[in-house]
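Structural features, examined
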Amino acid sequence: MSEPWVKRVTTGLLVLADGTVIEGYGLGATGAIEGEVCFNTALTGYQEILTDPSYAKQIVTFTFPHIGNVGANEEDREDFSTEPGAGAVGAIFRAEVSEPSNYRSSGHLDAWLKERGVVALSGIDTRALTVTIRESGMPNAVIAHDPDGNFDIEALKRRAAAWPGIVGADLAKDVATRSERAWTERPWAWQAGEAVETEPRYRVVAIDYGTKRNILRLMAGHGAEVIVVPPTTSAAEILAHKPDGVFLSNGPGDPAATGEYAVPVIRDLVEANVPLFGICLGHQLLALALGAKTEKMHQGHHGANHPVKDFTTNKVEIVSMNHGFAVAADTLPSGVTETHRSLFDGTNCGLQLSDKPVFSVQHHPEASPGPQDSHYLFQRFFDMIDGHRESAAA
């Protein structure tokens, strides 16, 4: 006689701050953790997304239904810090994760999530959750996984409602390097892995607010010796390295909070006339240092299919984005030009100074994951350095 049909036990919950409870099936780490829920529209690159330090304290809802089918490996991680937990705290999938099928896979996504301490859920109506975020904004929530399905739902509701969220939070110190480090690894090549830059032509100091590995790889690929320093490093310490250029990295959290200690340093670097290039949080911090303001976005930009126009070339590029704050374009002061703009919602995506070798972009030109339309920005940075060298030598 066959066994009677048995209802599957709910082993995962997403509890929103407004008290909404969404049931699913847990995988990855067990336990419960708070985070801000966002959605990402990329079709590929889930490891790069989940290990991007800019996603610290966030729960990523993947709109593409099949996540994890190609497994996991150590080559595709993007976090630079050796500290645990740099990246997303939670992940939400529509379909269950199947057995991996890819020659680069070294293990199942479930095991990889457990190792990283990421709580994940499958079996969620990600389309409905995405609509909720689009209509009401990115909610604070608690994501929970218990293999036995034992949850104190009322306690989880209180915990979600009490979490203060990301506004006002400086998260860069949590994910950035604690000490100065050198980076020499060049970009990954098909069937060859990574090479090492042994004869650098430039020295770049990268201020780490939560940088991604592929940004550093691309700089090394242009012939740079990259010195990565903690986010609280002073301008004097940075300039003591006699850098050809300084990079302001991406990172998580509220730029106004991180700016409490970062903005004075950036202002000193701008005053020192050293070539500067910023990405994501680095772009926002540079804008604050120049006198502009930042603002929290309704749903943010998260994906690898965002159209951005570069006004310096009049070309449209498709880019990767991951940010929940934006520079208010109408607050850019005189002498600061808007160079890029999102064609989705018109938000600012780039700036440059008219009288100094300084520029930045909101999107992620390192394309990890995502299209490589914006790789030219790294060449623009090193061309700017070359021009600065020539003018200094004249």
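Look a little higher up for the structure.
Below is a summary of the structure that appears in this document. (Residues numbered from 1 in each chain as written. Predicted model: local features only at pLDDT ≥ 70, side-chain atom pairs only at ≥ 80, totals over all residues. Heavy atoms only, no water.)

1. Here's the deal with empty space enclosed by the protein
Put simply, the rule is: Here a cavity means grid points, on a 1 Å grid over the protein atoms only, where a 1.4 Å probe fits yet cannot get out; a pocket means an open set of points with protein on both sides within 12 Å along at least five of seven lines; lining residues are those with an atom within 4 Å of a point. Grid points are joined across faces, edges and corners, and a volume is the space filled by probe spheres set on the points. Runs of E in the DSSP output that reach at least two residues are strands. Runs of H or I that reach at least four are helices, and both are numbered from the N terminus. In this classification, Asp, Glu, Lys and Arg are treated as charged, Ala, Val, Leu, Ile, Met, Phe, Trp, Tyr, Cys and Pro as nonpolar, and every other residue, Gly included, as polar.
Using the criterion set out here, one finds two cavities of 30 Å³ or more in the structure. Its boundaries defined by the atoms lining it, the largest cavity holds a volume of some 130 Å³. The space that makes up the second largest cavity amounts to roughly 90 Å³. If you trace the second largest cavity, you find 16 residues lining it, with Asp52, Lys212, Met321, Asn322 and Pro369 closest to the centre. Within the residue set of the lining of the second largest cavity, elements represented by two or more residues are helix 1 (46-50), strand 15 (294-310) and strand 16 (315-327). Among the elements that take part in the lining of the second largest cavity, strand 16 stands out by supplying three residues, more than any other. Classifying every residue of the lining of the second largest cavity by side-chain character gives six nonpolar, six polar and four charged.

2. Looking at a nonpolar patch on the surface
Rules: Nonpolar side chains (Val, Leu, Ile, Met, Phe, Trp, Tyr) within 5 Å and like charges within 9 Å form the patches, drawn only from residues with over 30% relative accessible area and no salt bridge. Only the protein chains shown count as cover for residues, with accessible areas throughout obtained via the Shrake-Rupley method and a probe of 1.4 Å. When a carboxyl oxygen of Asp or Glu lies within 4 Å of a side-chain nitrogen of Lys or Arg, that pair is called a salt bridge. Throughout, exposure labels follow a simple rule: accessible area from a 1.4 Å probe, protein chains only, divided by the maximum for the residue type, with under 20% read as buried, over 50% as exposed, and the rest as partly exposed.
A grouping of Tyr103, Trp188 and Trp190 is seen on the molecular surface, where their side chains present a nonpolar patch of about 410 Å² in accessible area. The topology assignment puts Tyr103 in the loop between strand 5 (90-92) and helix 2 (109-116). Look at Tyr103 and you get exposed, because its relative accessible area is 59%.

3. Here we look at the pattern of salt bridges
One side chain can pair with another of opposite charge once the charged atoms of both are near each other. Under the criterion given, the structure shown has 19 salt bridges. Between Asp76 and Arg104 there is a salt bridge, with its nearest N and O atoms 2.9 Å apart. Residue Asp76 is located in the loop between strand 4 (58-62) and strand 5, and its partner Arg104 is located in the loop between strand 5 and helix 2; the two are separated by 28 residues in the primary sequence. Judged by relative accessible area, which is 22%, Arg104 ranks as partly exposed. Here Arg389 ties to Asp244 by a salt bridge, and the two come within 3.0 Å at their closest N and O atoms. Here Arg389 is found in helix 10 (residues 376-393), whereas its partner Asp244 is found in the loop between helix 7 (235-239) and strand 13 (245-248), with 145 residues between them in sequence.

Honestly, that's just the spatial picture; any functional story needs more than this.
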